[in-house]
Amino acid sequence: MKFVLEVEVDEGKIAQDPAGELGRILRYWGGNLHHYAMAPGDGSPVYDSEYREVGRWHLTGEPTA
């Protein structure tokens, strides 16, 4: 299985402070993943601190034993 995080960093708040915004996104999703089964196909939109959708994360592939 593979965890994929894609974030657009060239517009809005994230373009002004990419390290700060990416850090916030990673901290938020790092603490929020326990709400998911962590199975292929799971995923969610990702938002910046202004609550604008800037990307998405998802799981791909086959689950491992």
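These notes cover the structure that comes with them. These numbers come from a predicted model, not from an experiment. (Residues numbered from 1 in each chain as written. Predicted model: local features only at pLDDT ≥ 70, side-chain atom pairs only at ≥ 80, totals over all residues. Heavy atoms only, no water.)

Concerning the packing of aromatic side chains
Within a pair of aromatic rings, the relevant descriptors are the distance that separates the centres and the angle that separates the planes.
Here comes step 1: If you walk through the whole model with that rule in mind, you get five aromatic pairs.
Here comes step 2: An aromatic cluster is defined as three or more aromatic residues linked by ring pairs; in this entry it consists of Phe3, Tyr28, Trp29, Tyr36 and Trp57. (Phe/Tyr/Trp six-rings, centres within 6.5 Å; stacked < 30°, edge-to-face > 60°.)

Thoughts on the pairing of strand β2 (residues 43-47)
Here comes step 1: Taken together, the five bridges between β2 and strand β3 (residues 53-60) define a ladder with antiparallel strand orientation. When the bridges of β3 are listed, Val46 appears paired with Gly55.
Here comes step 2: Here β2 hands over to β3 after five residues, with Tyr51 in that stretch at a positive phi of 65°. (Pairing = 2+ DSSP bridges. Helix = DSSP H or I, 4+ residues; strand = E, 2+ residues; numbered from the N terminus.)

Looking at unusual backbone geometry
Trans peptide bonds make up most of the peptide bonds, and negative phi angles are found at most residues other than glycine.
Here comes step 1: One non-glycine residue, Met38, lies in positive phi territory at about 60°.
Here comes step 2: For Met38, the location among the structural elements is in the loop between α2 (18-32) and β2.
Here comes step 3: Given the relative accessible area of 30%, Met38 is considered partly exposed.
Here comes step 4: Backbone geometry places Tyr51, a non-glycine residue, at a positive phi of 65°.
Here comes step 5: The topology assignment puts Tyr51 in the loop between β2 and β3. (Buried < 20%, exposed > 50% of the residue type's maximum accessible area, 1.4 Å probe, protein only.)

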